[in-house]
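Letter by letter, the chains look like this.
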Amino acid sequence: MKHARYLTGKRTIKFLAILVGVFFLIIAAFTVSAQQTNEAQFRVKNENAFNINLIQFKRVEYIGACAGTVFSPNSQSARFVSSKTPPGPNRRVMIKNVTDGMETNPYPYTDRGYNKGEFSEDFGFKLGNTHKTRTFSVLEGENKFLYEIKENDQVIEQGALKAEVSIQSLGPFPREQICEDKIECKDTSDCRDRKGRKKSCRRECFPVQQCRCP
């Protein structure tokens, strides 16, 4: 009986040891996964700080004579960096936004220098669903990106990352036109009489009200 109990206890200890080992393997796997997810990231300028993979806009709904929707800021300045492959000579990074809802021919993309300093060249995120030459289009919600880092036209790293685009609604605000009176002058040097003969005329000036939305 004592021998049987000894064997049973030994098996229990061995089983517990296996469970502990599996537990640590799972923790290690999650750690590696987290490291892979965080290898590449966007650093988005937000006033005096930087957000990691977070792009923030504010939305204002204007009512009145100048009704419309305005997003602020117009674009968000950002940079790309990979902890696995830092910037180096003759390197560039190509990033595509492959989020559902984007135009696919081509997908919105940006191609930036990645050859000096700690990050890529600056680029601007802007709300939209088509490729723009001056800004990088994003949609509200979670955005999915694919990237390639090249050195002398050879791909040395490629991967995927996600970023969240949030839009804070500031509510409706009245907005009226800004109007001002100006004097507009018309050159009347080519005046003619009823018979079609040329005659001299004075420059004609008259007040005109010009309005614009702020």
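Residues numbered from 1 in each chain as written. Predicted model: local features only at pLDDT ≥ 70, side-chain atom pairs only at ≥ 80, totals over all residues. Heavy atoms only, no water.

With respect to the overall build of the chain
- If you tally the helices and strands in the chain, you get 1 helix and 13 strands.
- Each helix and strand of the chain, ordered N terminal to C terminal, gives the series α-β-β-β-β-β-β-β-β-β-β-β-β-β.
- Here the chain holds 214 residues, and the buried ones make up 23% of them.
- A fraction of 61% describes how many contacts in the chain between residues 6 or more apart in sequence connect residues 24 or more apart.
- In the form shown here, the chain has an accessible surface area of approximately 15400 Å², with 51% of it arising from carbon and sulfur atoms. (Helix = DSSP H or I, 4+ residues; strand = E, 2+ residues; numbered from the N terminus. Buried < 20%, exposed > 50% of the residue type's maximum accessible area, 1.4 Å probe, protein only. Contact = heavy atoms within 4.5 Å. Areas by Shrake-Rupley, 256 points an atom, 1.4 Å probe, with all protein chains shown as cover.)

A short note on the nonpolar core
- With 23 residues, the main nonpolar core has F42, F80, I95, F125 and F145 as its most contacted residues.
- Among the secondary structure elements, those contributing two or more residues to this core are β1 (40-46), β3 (54-63), β5 (76-82), β6 (91-97), β8 (123-127), β9 (136-138), β10 (141-151) and β11 (154-174).
- Here the element with the most residues in this core is β11; it accounts for 4 residues.
- Excluding its chain neighbours within four sequence positions, the residues that come into contact with F145 are F42, I95, K96, N97, V98, F125, F136, V138, G159, A160, L161 and A163. (Core = buried A, V, L, I, M, F, W, Y, C linked by side-chain atoms within 4.5 Å.)

Overview of the pairing of strand β2 (residues 49-52)
- Alignment of β1 against β2, held across 4 bridges, turns out to be antiparallel. Bridge pairing links R43 to I52 in β2. (Pairing = 2+ DSSP bridges.)

With respect to the confidence of the model for the chain
- In the predicted model, the chain carries a mean pLDDT of 84, and 80% of its residues have values of at least 70.
- In this model residues 2-7 is a low-confidence stretch, pLDDT under 50, and it forms 0 contacts with partners more than four residues away in sequence or in other chains.
- For residues 22-37, every residue scores under 50 in pLDDT, and the model assigns this stretch 0 contacts once sequence neighbours within four places are set aside. (pLDDT = per-residue confidence, 0-100.)

What to know about the sheet that holds β9
- The sheet built from 5 strands is open, its strands ordered β2-β1-β5-β8-β9 with mixed pairing. Edge positions in the open sheet fall to β2 and β9, since each of these has one partner strand only. Along the sheet, successive strands turn relative to each other by an average axial angle of 40 degrees, direction set aside.
- Summarising the sheet, β8 and β9 pair through 3 bridges and their orientation is parallel. Looking at the pairing, K126 lines up with S137 of β9. (Axes fitted to C-alpha atoms, helices over the stretch in contact; angles between N-to-C directions.)

Here's the deal with the side chain of S120
- Looking at where S120 falls in the secondary structure, it is placed in the loop between β7 (109-113) and β8.
- Taking the relative accessible area as the measure of exposure, S120 reaches 3% and is therefore buried.
- S120 has contacts with R79, F80, V93, R112, G113 and Y114, leaving out every residue within four places of it along the chain.

Describing the sheet that holds β7
- Taken in spatial order, the 6 strands line up as β4-β3-β11-β10-β6-β7 in an open sheet, and their pairing is mixed. Of all strands in the sheet, those with a lone pairing partner are β4 (68-72) and β7, marking the two edges. Here the average twist between neighbouring strands, direction ignored, is 25 degrees.
- The pairing of β6 with β10 spans 7 bridges and is classified as antiparallel. Residue pairing across strands places N97 opposite F145, the latter belonging to β10.

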